[in-house]
Amino acid sequence: MNCRQSDVPAHRYNGGNIAFCQEENTMKLHIQKENRLECAWDLREGTEDLGNWAVSLSRVPLKSGWEYTLKVTAKQPAGNVVITVSEVKEGWTRENYVFAPAGMYNGNRFKSLPLEYPPIAVGNVDDVPDPEPVITDVPRLSKDGESKIELMAGDLSKPLFGYFSPKNKRAFFFLFTQRSFPEQDNSIRVEEVGDTAEFALVVPGYRSKIYHFMHSDCQSDDKGADMLAGESVTIRFRLYEQPCQSVTEYLAQFMDLRKEFNGPDEPVNVVPFSKAFQAVENKYNIHNWVCTERFYRSSNADSSICSQWQTGWVGGGMSTYPCFLAGTHLSKHRSWQTLEFLFREIWMGSGLMYGIYYNGRPYGDSIDPEGDKNILLLRKFTDAVYFVLKQFLLFEKEGTEIPEEWRKKLRVSLETLRDLFEVNGQFGQFVDVSSKKILVRGTSSAATGIGALALGWAYYKEGSFLETACKAGEYYFQNYLEKGFSNGGPGEICQCPDSESAFGLLESYMALYNVAGDARWLPYAEASANLAASWCVSYDFQFPAKSQFARRGIKSAGAVWASIQNKHAAPGICTLSGVSLFELYRATGKAQYLGLFREISHSITQFVSLDENPFQNTWGGTQYGMYSYEGQSGERVQLSDWEGRENVGEFPGGACWCEVSIMLNYVENPGVYVVVDQEKIFCFDHIIARTVRANNDELALELENPTQYDAVVSVFAEKSYQQKKPMPVNPWDGYQKVRVEKRGKTVIHLTK
């Protein structure tokens, strides 16, 4: 090894090559002190004494890679130290798919416009069936020329990055830890120069520019670490390289690695599903009911046209579904009135629906009080149709009479959705609610349209609905999932990659499987789930020690990231229960889908505010902010510093769609799943389940509730041969409801 003095900043230095699974592996290590590169050398196994630094490297083999432990010791005091481990890939092409979960999808190489919030690029049709997606000013690589992207560990759902080479049919993954120095997160850098690309781990995290809300070139305030003489830092990372045939296979390989190198999950039992549901339901009846026009509002904001009703997306026409299943008589009555409001004020003669309603009048999804009220984020419409159909199917099963006017209007909506796809070959992102013309294409935003048409076929028995659903399923798989991204789900991110559209695709493919019983949709569902998993926090992030989330003991595993623009995680999926992951596990037997389902469903109730343990507004350094009232749940599980370093692990207050997901979590997801003939028990709710007796005839199961709240636990028990049978659209009635008192135990008996 040679130590080289240099005036070149470390973050501009290109490192050496790594040859995987070969006897000779070389890496470059750079040490920067006080913003200047002090040393750079080739790194080999063993220990080296190099001037002011002592370095040792050890490794252990893994399947298709290595795990490395690097120790760097300062011989003299050193300030503002930044250590970089880097690799340069030669023969690089921008056709390679560059990936970092929740941070990069194909390097974010899309057309970017410097738009302000809320950004909507209306008018990108230009008679092009599939125009290039438009994203905002987010961290990204360019399509040609030199570029780089720098992200903190807290910008990712898992500390991992890598790429897939279509030319070489190889997959590369670089796994690392959130921190090496205490209280300072690590970062990554991918930099392209000519036909080379550098993949670098930076310890502690350093970015030349940082991303703040919709601006990627903000001045960096990152700092290195101060080291005393004799002080050491240990850097652990893993490198994998293996054969890979496609982007979808690459994401399947990611799914296999998603829980690797995480450390053990430590889920906490704090709030049972039923308690969280009850708190949100009560809150809806106290704070969300609009007496004058008789509907459940989807927001409690004090002002703005979005503060009352938004169709679909964040809950309009969706929050009623869990209330019909498990709510009180009052909630069911008000839910019926909310559907009356939807068909009276929101539904249009075109078959579409207005996106926003406020103080007696509809508005468009430009989110501008003076804007065109005919602009509709189609995903809002498809979400609403999908969930209203779930309610119609529930009413039919219960024998509840549905007004004929509603049935006719919903059928027209399905016909409009069908025709929209048949005419355009896609659903589009934004449409004109009067002319039904697509205003913005280039996204998989309205992915739930597939599921809506599938349920429409199940309810109306209209074959053309299923035929179009199948066509749409093929289209979105080929044009999005096979390219490694799904985008444009939220209405205020342009066409940025996001989690909501990915989960919408998963929900829809499982709906196709469930209603049609056609297993050909399962690989499509798996591809959707693997992509969606990349948006889900895979580990328990270390929040700043003094932050509210650290003080509360919040566990981040299972929180779901929003998009590459809105760089925050949130409680649950916007806005779904995640039951599709459970359904996918039953259909495929693949444990990683059940594991992800458990993470999301178990995590979400941590974030509901309760009178005994309310969340407090601690945003922006606020020390005496207002406390949330019972049943509120906000949209931030803040790992990233995109809204300010001071807000990592803090809470801005407020209420949002997460409350609907919390209610859906209770009515669609089992709390305990038992495969009785195999004596397999899986817990998702905040209880403990164990076998106390088993024989050839029955399984005795003890349910223990360690929380301070009484619980009603949904137990789903079946035999192994029944797992291949698709789930019903409304699974609630198939779950056994078991009451378990707080800090109590109950034994149930299940027939084998």
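Remember, predicted model here, so these are calculated numbers, not experimental data. (Residues numbered from 1 in each chain as written. Predicted model: local features only at pLDDT ≥ 70, side-chain atom pairs only at ≥ 80, totals over all residues. Heavy atoms only, no water.)

Undergrad: What exactly am I supposed to notice about the environment of Phe-341 here?
TA: Tracing the sequence through the fold places Phe-341 in helix 4 (residues 329–346). Through-space distance from the C-alpha of Phe-341 to that of Gly-558 is 35 Å; in sequence the pair is 217 residues apart. If near-sequence neighbours (up to four positions away) are discounted, Phe-341 is found in contact with Glu-293, Arg-294, Phe-295, Trp-309, Ile-346 and Tyr-357. (Helix = DSSP H or I, 4+ residues; strand = E, 2+ residues; numbered from the N terminus. Contact = heavy atoms within 4.5 Å.)

Undergrad: Please clarify how the sheet that holds strand 24 (residues 309–310) should be interpreted in this entry.
TA: Note: strands within a sheet are paired through backbone hydrogen bonds, in either parallel or antiparallel orientation. The three strands lie next to each other as 24-25-26, forming an open sheet whose pairing is antiparallel. The open sheet has two edge strands with one neighbour each: strand 24 and strand 26 (361–363). (Pairing = 2+ DSSP bridges.)

Undergrad: Looking at this structure, I do not really get the state of the cysteines. What am I missing?
TA: Cysteine pairs can be covalently joined through their sulfur atoms, and such a bond is termed a disulfide. Considering all chains together, one arrives at zero disulfides under this definition. Cys-496 provides the cysteine sulfur closest to Cys-218, a residue in no disulfide bond, and the two sulfurs are 16 Å apart. (Disulfide = S-S within 2.5 Å.)

Undergrad: Which parts of the structure should I look at to understand helix 14 (residues 658–668)?
TA: Since the α-helix advances by 3.6 residues per turn, residues separated by three or four positions end up pointing in the same direction. Judged by how many residues are buried, helix 14 sits mostly within the fold: 11 of 11 residues are covered. The set of residues buried in helix 14 consists of Cys-658, Glu-659, Val-660, Ser-661, Ile-662, Met-663, Leu-664, Asn-665, Tyr-666, Val-667 and Glu-668. (Buried < 20%, exposed > 50% of the residue type's maximum accessible area, 1.4 Å probe, protein only.)

Undergrad: Any chance you could explain the pairing of strand 33 (residues 680–683) here in plain terms?
TA: Along any regular strand, the residues point their side chains to alternate faces of the sheet. Sheet analysis places strand 32 (residues 672–675) next to strand 33, joined by four bridges and oriented antiparallel. Across the sheet, residue Val-674 finds its bridge partner in strand 33, namely Ile-681. In sequence, strand 32 turns back onto strand 33 through a hairpin of four residues, with Glu-679 there showing a positive phi of about 55°.

Undergrad: Teacher, can you tell me more about the packing of helix 9 (residues 499–516) against helix 10 (residues 522–533) here?
TA: When two helices pack together, their arrangement is given by the angle between their axes and by how far apart the axes lie. As a packed pair, helix 9 and helix 10 sit with axes 8 Å apart at the nearest point and diverge in direction by 160°. Here helix 9 is positioned roughly antiparallel relative to helix 10, judged by the angle of their axes. Regarding helix 9 and helix 10, the two cross each other, and that crossing is left-handed. Between helix 9, through Ala-502, Phe-503, Leu-505, Leu-506, Tyr-509, Met-510 and Tyr-513, and helix 10, the contact on the second element is made entirely by Leu-522, Tyr-524, Ala-525, Ser-528, Ala-529, Leu-531 and Ala-532. A breakdown of the residues in the contact of helix 9 with helix 10 according to their chemical character gives 13 nonpolar, one polar and no charged. (Axes fitted to C-alpha atoms, helices over the stretch in contact; angles between N-to-C directions. Parallel < 35°, antiparallel > 145°, perpendicular 65-115°, else oblique. Left-handed = near helix turned anticlockwise from the far one by under 90°. Nonpolar A, V, L, I, M, F, W, Y, C, P; charged D, E, K, R; others polar.)

Undergrad: I tried to follow the environment of Glu-599 on my own but got confused; where do I start?
TA: Assignment of secondary structure puts Glu-599 in helix 13 (residues 591–603). C-alpha separation for the pair Glu-599 and Cys-536, spaced 63 residues apart in sequence, amounts to 8.9 Å. Setting aside residues up to four positions removed in sequence, Glu-599 forms contacts with Arg-258, Lys-259, Asp-265, Val-537, Ser-538, Ala-557 and Gly-558. Looking at Glu-599, its side chain comes within polar contact range of the side chain of Arg-258, at 2.7 Å. (Polar contact = N/O pair within 3.5 Å; in protein donor to acceptor, adjacent residues only side chain to side chain.)

Undergrad: What exactly am I supposed to notice about unusual backbone geometry here?
TA: Phi is mostly negative for residues that are not glycine, and the peptide bonds are mostly trans. Tyr-117 connects to Pro-118 through a cis peptide bond whose omega is -5°. With respect to the helices, strands and loops of the structure, Pro-118 is situated in the loop between strand 9 (111–112) and strand 10 (134–135). Thr-575 follows Cys-574 through a cis peptide bond whose omega is -15°. With a phi close to 45°, Trp-313 is a non-glycine residue in the positive phi region. Residue position: Trp-313 is located in the loop between strand 24 and helix 3 (320–326). With relative accessibility at 9%, the residue Trp-313 sits in the buried group.

Undergrad: Looking at this model, I keep getting lost on the packing of helix 12 (residues 579–588) against helix 13. Mind explaining?
TA: Interaxial distance between helix 12 and helix 13 falls to 8 Å at its minimum, and their mutual angle equals 160°. Here helix 13 runs roughly antiparallel to helix 12, going by the angle between their axes. Read as a crossing pair, helix 12 and helix 13 show a hand that is left-handed. Contact residues: Val-579, Leu-581, Phe-582, Leu-584, Tyr-585 and Thr-588 in helix 12; Ala-591, Tyr-593, Leu-594, Leu-596, Phe-597 and Ile-600 in helix 13.

Undergrad: Explain the pairing of strand 19 (residues 215–219) here, please?
TA: Strand direction decides the pairing type here: strand 18 (residues 209–212) and strand 19, joined by three bridges, are antiparallel. Within strand 19, the position partnered with His-212 by the bridge is His-215. Turn length for the strand 18-strand 19 hairpin, with the two strands adjacent in sequence and antiparallel, is two residues, and the turn residue Met-214 shows positive phi of about 70°.

Undergrad: Mind showing me how you'd approach the nonpolar core here?
TA: Among soluble globular proteins, nonpolar side chains are generally buried collectively. Residues Leu-378, Phe-392, Phe-427, Tyr-476, Phe-503 and Tyr-509 are the most contacted members of the largest nonpolar core, which totals 167 residues. With residues up to four places along the chain from it excluded, the contact list for Phe-427 reads Leu-378, Leu-417, Leu-420, Phe-421, Ile-438, Ala-446, Gly-449, Ile-450, Leu-453, Ala-472 and Tyr-476. Residues Trp-53, Trp-92, Leu-151 and Ile-235 belong to the second largest nonpolar core, which totals 46 residues. (Core = buried A, V, L, I, M, F, W, Y, C linked by side-chain atoms within 4.5 Å.)

Undergrad: Is there a simple way to think about the layout of surface pockets in this case?
TA: By rolling a water-sized probe across the atoms, one finds the places where empty space is left. Roughly 1200 Å³ of volume is contained in the largest pocket. Lining the largest pocket we find 46 residues, and of these Ser-299, Ala-301, Glu-635, Ala-655 and Cys-656 sit closest to its centre. Residue classes in the lining of the largest pocket are distributed as 24 nonpolar, 16 polar and six charged. Taken as a whole, the second largest pocket holds about 440 Å³ of empty space. Taken together, 21 residues line the second largest pocket, and the ones lying closest to its centre are Glu-183, Gln-184, Asp-185, Arg-645 and Val-648. Broken down by class, the residue content of the lining of the second largest pocket amounts to six nonpolar, four polar and 11 charged. (1 Å grid on protein atoms, 1.4 Å probe; cavity = no way out; pocket = protein on both sides within 12 Å on 5 of 7 lines; lining within 4 Å. Points joined across faces, edges and corners; volume = space filled by probe spheres on them.)

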